[in-house]
Amino acid sequence: MADKKTNPSKELKEKLFSKRKNGWLRITAEEKQTVADYCEGYKAFLNAAKTEREAVVNALVLAKAHGYKEFDRNAKYCAGDKVYRVNRGKTVMFACIGSEDIADGVLISAAHIDSPRLDLKQHPFYEDSDIALLKTHYYGGIRKYQWPTIPLALHGSVLRADGEVIDIKIGEDEGDPRFVVSDLLPHLASEQNKRNLPDGITGEELNIIVGSCPFADDPESELVKLNVLNVIYEKYGLTEDDFISAELEAVPAFAACDIGFDRSMIGSYGHDDRVCAYPSLTAILETEAPKKTVITVLADKEETGSDGNTGLNSDCLRNFVWDLARCFGADGWNVLENSECLSADVNAAYDPTFSSAFESRNSSYIGYGVVVTKYTGARGKSGTSDASAEYTGKIRNLLDSKGVVWQTGELGKVDIGGGGTVAKYIASMGVDVIDIGVPVLSMHSPFETVSKLDVWMTHRAIYEFFNR
Ligand code: MN
Ligand code: MN
């Protein structure tokens, strides 16, 4: 007969059951302050880097301050050297040379720096009913109804007819004008209300209002458009045809801010995937003497499938690793086959308001730490690289041994949707890859929300991966 004071079931549960606990309950008051301080730097990065080009520029400023120099494939490097390579201003790769033989592999952290937004079409300008507007083609997976009636800023670059590249950023500084997509008033929306949510606003209705004042009292047509083009010409020397060779992105004009009475979260445009790009960057910048050579890649074009020569479905990362290998007389393919990667991208945080989309036992939760995602994909894991049990175990043990707060997460219920990351493109080079990242509420919306604790734990996970 069992002693009355013992409870064998409770003891066995203690031994056998998985233990989940909110991350805030697992860190000290001192570490809470570290989390808050780290996230101030992250918010500054978010506000300064709303496009992939701006992310590259800002990442380089931080990296150069940490001693990073442009990579020269014909130079000789030794342990501790820090190099970078920029691919067309939209993807950047950093490497810190390790003390061990590069032939034994490198450690890669890969995140993306493009985010869903509204791109201008090549002939964007038109006038209708004395209003000047811009035609757009949305970039990445957006819910189109979320984009009207919010302040927008315009960012990007235009190659002028004379060959000069003009960088544009309007709507971010105090006193700047903003732009906006309109929506119908509820009083007149009875027909629009019958549409299904995906068509509540259609792609061709995402037209940005940019002016309403005519140039002059002339018997000419399109005088409002003329006035807008004149303002642009006087400021930038651009004509309408210059916009044919432009990459202009309309992004939300608001800044990142704390969310909640307890300030435990951050709301911002573009967490996906700056919330992993920034930790990938800070982790390598804090790494001084790694055993293996470590690489952080911040890539473009993930949101449209990683295609194009600045996406990770190109050879840009492979070529960088091969060139590094060549500096040490190693074979690039051999280095890659011995390499490991954390594909750092966001996951969907469990949302109690929309709980029916999630499977509660296997979702990631705000504040429960960095998410380790073994597989992504959709409809029977299609399009995933699915990390092996061995590699998943290796990362699990690393995080546990270093006291990193982490959790697992699958993106929503089976067959309700799905998604992918750059993991499969890196896996196809023979590298061991697993997805890690930050759970996000309202992912791909103009204003996404994350937990500060999860941002910090993603930094810690990548740092410990690089410095093991
Ligand atoms: Mn992403
Ligand atoms: Mn995304």
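Residues numbered from 1 in each chain as written. Chains lettered and ligands numbered in written order. Predicted model: local features only at pLDDT ≥ 70, side-chain atom pairs only at ≥ 80, totals over all residues. Heavy atoms only, no water.

Student: Tell me about the pattern of salt bridges, residues and numbers included.
Tutor: Scanning all chains against the criterion turns up 28 salt bridges. A salt bridge links E40 to K43, with the shortest nitrogen-to-oxygen separation between them at 2.9 Å. With a gap of three residues between them, E40 and K43 both fall in helix α2 (residues 29-48), about one helical turn apart. Of the residues examined, E40 reaches a relative accessible area of 43% and is grouped as partly exposed. Classification of K43 by relative accessible area gives buried; the value is 10%. A salt bridge links D323 to R85, with the shortest nitrogen-to-oxygen separation between them at 2.7 Å. Of this pair, D323 sits in helix α6 (residues 316-327) while R85 sits in strand β2 (residues 82-87), and the two are 238 residues apart along the sequence. Residue classification places D323 among the buried positions, given a relative accessible area of 10%. (Salt bridge = Lys/Arg side-chain N within 4 Å of Asp/Glu carboxyl O. Helix = DSSP H or I, 4+ residues; strand = E, 2+ residues; numbered from the N terminus. Buried < 20%, exposed > 50% of the residue type's maximum accessible area, 1.4 Å probe, protein only.)

Student: Which residues make up the packing of aromatic side chains, and what values go with them?
Tutor: Counting across every chain of the model gives 15 aromatic pairs. Both rings, one in Y68 and one in F94, keep their centres 5.7 Å apart while their planes meet at 85°; by these two values the pair is edge-to-face. Note that Y68 is positioned in the loop between α3 (52-65) and β1 (69-70) and F94 in strand β3 (residues 91-96), a separation of 26 residues in sequence. Members of the aromatic cluster, each reached through a chain of ring pairs, are Y38, Y42, F45, Y278 and W456. Between K381 and the ring centre of Y375, over which it is positioned, the NZ or CZ distance is 3.8 Å. (Phe/Tyr/Trp six-rings, centres within 6.5 Å; stacked < 30°, edge-to-face > 60°. Lys NZ or Arg CZ within 6 Å of the ring centre and 35° of its normal.)

Student: Go over the layout of surface pockets, please, and point to the residues and values.
Tutor: Here the largest pocket is characterised by a volume of approximately 1200 Å³. What lines the largest pocket is a set of 47 residues, among which A348, L411, G418, M443 and H444 lie closest to the centre. Every element with two or more residues in the lining of the largest pocket is listed here: β16 (347-348), β18 (377-378), β20 (418-419), α9 (423-427) and β21 (432-437). When residues of the lining of the largest pocket are assigned to their parent elements, the largest contribution, three residues, is made by β21. (1 Å grid on protein atoms, 1.4 Å probe; cavity = no way out; pocket = protein on both sides within 12 Å on 5 of 7 lines; lining within 4 Å. Points joined across faces, edges and corners; volume = space filled by probe spheres on them.)

Student: Quick rundown of the coordination of the manganese ion (ligand 2)? Include the residues and the values.
Tutor: In the first shell of the manganese ion (ligand 2), the protein supplies D272 (OD), E303 (OE), E303 (OE) and H444 (NE2), at 2.0 to 2.6 Å from the metal. When the donor residues of the manganese ion (ligand 2) are listed from N- to C-terminus, their spacing reads D-x30-E-x140-H. Between the two metals, the manganese ion (ligand 2) and the manganese ion (ligand 1), the spacing is 3.2 Å, and D272 donates to both. With D272 in helix α5 (residues 271-285) and H444 in the loop between β22 (439-440) and β23 (448-451), the pair connects residues that are 172 residues apart, well separated along the chain. (Donors = N, O, S within 2.8 Å, 3.2 Å for Na, K, Ca; no water.)

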